[in-house]
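Structure assessment
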Amino acid sequence: MNLLVLGANSDVAYAVAAAFARHEKASILLASRNMELLEKKVQDLTIRYGVEVSCCYFDVTDFESHSAFYESLQKKPDVVVYSAGYMPEQQEDAQKNYKEAQKIFAINFSGAAAMLEVVAADFEKQGHGTIIGISSVAGERGRQSNYIYGSSKAAFNSYLSGMRNRLCKRGVHVMTVLPGFIHTKMTESLELPELLTAQPEEVAEDIYRAFRKKKNIIYTKWFWRWIMAVIKGIPEAVFKRMGL
Ligand SMILES: NC(=O)c1ccc[n+]([C@@H]2O[C@H](COP(=O)([O-])OP(=O)(O)OC[C@H]3O[C@@H](n4cnc5c(N)ncnc54)[C@H](OP(=O)(O)O)[C@@H]3O)[C@@H](O)[C@H]2O)c1
């Protein structure tokens, strides 16, 4: 199995790559911007799991490069994981600086969508393949503290749903991952409730298990399905007055 990980310097992405190396002995290509960090991850995965791992430069906001990037891959992937993400502080950064909001949308949604269209066209032609999009429960209902990031994830959720609808008739599977809180560099400056916060390795195992079972949408950890059911069930007239 050939695995391509986009945004591979994400802590979750690394754990997912490790899970595929451990369980599938997959050949792995890590693609992201920070090459120094990527090379360390290549060494680490190679030593730990004895699998074939390499890395290459990939910037999802460089839309023009997407087709050439994919064409340049020596081995075409069977599974693509999209894990790049960007979540700056909202009130001081994203609300006041539209460039930050644009960057949130480019990394979490529009760049992802443009790149995954290139992958989808190839998978559709081959008649097989799996696309795993790492989104967020934040996309399920906008909250005052995080609605710019949340709306980019809502767009990504909708995109993945439509792509799944299109590609399931072509032998291609699309899985949406909706994580809650995870201890990663994205959240290191936040005070997260310990009981609700997962380690990247736990999320990665959930993703791998769901991949094996060909799940369409997963919440990780599992209890976020129920937390979000409650949050989505709150009437708008009440929700708008809450300080979430
Ligand atoms: N952590 C959480 O609590 C949480 C919760 C729900 C959902 N998520 C989602 O889960 C995914 C993984 O999150 P994480 O916490 O593992 O993130 P992370 O450790 O902060 O890593 C995010 C990675 O995205 C990559 N990236 C950013 N801009 C990019 C670009 N223009 N092109 C290519 N790669 C780019 C960066 O790679 P470089 O270093 O190479 O630039 C960075 O390492 C994200 O989509 C995130 O939104 C996270």
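Residues numbered from 1 in each chain as written. Predicted model: local features only at pLDDT ≥ 70, side-chain atom pairs only at ≥ 80, totals over all residues. Heavy atoms only, no water.

Turning to helix α8 (residues 224-233), its buried residues are Trp224, Met228 and Ile231. Looking straight down α8, one finds that the buried residues subtend no more than 60° of arc, so they occupy a single side. Pointing more than 90 degrees away from the buried face of α8 are the exposed residues Trp226, Val230 and Gly233. The secondary structure elements touched by the buried residues of α8 are β7 (217-220) and α9 (236-239). (Buried < 20%, exposed > 50% of the residue type's maximum accessible area, 1.4 Å probe, protein only. Helix = DSSP H or I, 4+ residues; strand = E, 2+ residues; numbered from the N terminus. Arc of directions from axis to C-beta. Contact = heavy atoms within 4.5 Å.)

By secondary structure assignment, the location of Tyr219 is in strand β7. A sequence separation of 76 residues divides Tyr219 from Arg143, and the C-alpha atoms of the two residues are 19 Å apart. Sequence-distant contacts of Tyr219, that is, excluding residues within four places in its chain, are made with Val137, Glu140, Leu178, Trp224, Arg225, Met228 and Lys232. Reaching out from Tyr219, the side chain makes a polar contact with the side chain of Glu140 at a distance of 2.7 Å. (Polar contact = N/O pair within 3.5 Å; in protein donor to acceptor, adjacent residues only side chain to side chain.)

A surface patch of nonpolar side chains, amounting to about 220 Å² of accessible area, comprises Val238, Met242 and Leu244. Note on placement: Leu244 falls in the segment after α9. (Patch = residues over 30% accessible without salt bridge, like charges linked within 9 Å, V, L, I, M, F, W, Y side chains within 5 Å. Areas by Shrake-Rupley, 256 points an atom, 1.4 Å probe, with all protein chains shown as cover. Salt bridge = Lys/Arg side-chain N within 4 Å of Asp/Glu carboxyl O.)

Attention now goes to the pattern of salt bridges. One pass over the structure, following the stated rule, counts 13 salt bridges. Between Glu202 and Lys221 there is a salt bridge, with its nearest N and O atoms 2.6 Å apart. Taken together, the residues Glu202 in helix α7 (residues 200-212) and Lys221 in the loop between β7 and α8 connect sequence positions 19 residues apart. For Asp206, the salt bridge goes to Arg209, with nearest N and O atoms at 2.8 Å. In this pair, Asp206 and Arg209 are both assigned in helix α7, three residues apart and thus about one turn of the helix distant. Look at Arg209 and you get partly exposed, because its relative accessible area is 43%. Each of the salt bridges in this network shares a partner with another, and the network as a whole consists of Glu117, Glu124, Arg166 and Arg170.

Here the focus is the pairing of strand β2 (residues 27-32). Counting buried positions over the six residues of β2 gives six, a clear majority of the element. Covered by surrounding structure in β2 are Ser27, Leu29 and Ala31 together with Ile28, Leu30 and Ser32, the residues of both alternating faces. Between the parallel pair strand β1 (residues 2-6) and β2, the chain is carried across by helix α1 (residues 11-24), and the sense of this crossover is right-handed. In this sheet, strand β3 (residues 53-57) lies alongside β2 in parallel orientation, the contact comprising five bridges. Bridging from a neighbouring strand, Ala31 pairs with Cys56 of β3. On the question of chirality, the crossover connecting β2 to the parallel β3 by way of helix α2 (residues 35-49) is right-handed. (Right-handed = clockwise from strand over helix to strand, strands pointing away. Pairing = 2+ DSSP bridges.)

This part covers the side chain of Ser135. Tracing the chain through its elements places Ser135 in the loop between β5 (129-134) and α6 (147-167). Given the relative accessible area of 4%, Ser135 is considered buried. Among the polar contacts made by the side chain of Ser135, one reaches the side chain of Asn157 at a distance of 2.5 Å. What Ser135 contacts, discounting residues up to four positions off in sequence, is Lys153, Phe156, Asn157, Thr176, Val177, Leu178 and Pro179.

Attention now moves to the nonpolar core. In terms of nonpolar packing, the biggest core is built from 37 residues, with Val5, Phe20, Ile28, Leu30, Ile132 and Ile207 touching the most fellow members. Among the elements of the structure, β1, α1, β2, α2, β4 (79-82), β5, β6 (172-179) and α7 are those that each provide at least two residues to this core. With near-sequence residues (within four places) excluded, Ile132 lies in contact with Phe20, Val79, Val80, Val81, Tyr82, Met175, Val177, Ile207 and Phe211. Leu29, Ala138, Tyr159 and Leu160 belong to the second largest nonpolar core, which has 36 residues in total. (Core = buried A, V, L, I, M, F, W, Y, C linked by side-chain atoms within 4.5 Å.)

Read from one edge to the other, the open sheet built from seven strands follows the order β3-β2-β1-β4-β5-β6-β7, with strand pairing classed as parallel. Single-partner strands in this sheet number two, and they are β3 and β7. Going across the sheet, the axis of each strand differs from the next one's by a mean of 20°, ignoring polarity. In this sheet, β4 lies alongside β1 in parallel orientation, the contact comprising four bridges. Bridge pairing in β4 places Leu3 opposite Val79. α1 rests against β1, β2, β4 and β5 of the sheet, and its axis sits at about 175° to β1. This element, helix α5 (residues 98-126), spans β1, β4, β5 and β6 of the sheet and lies at about 175° to β4. (Axes fitted to C-alpha atoms, helices over the stretch in contact; angles between N-to-C directions.)

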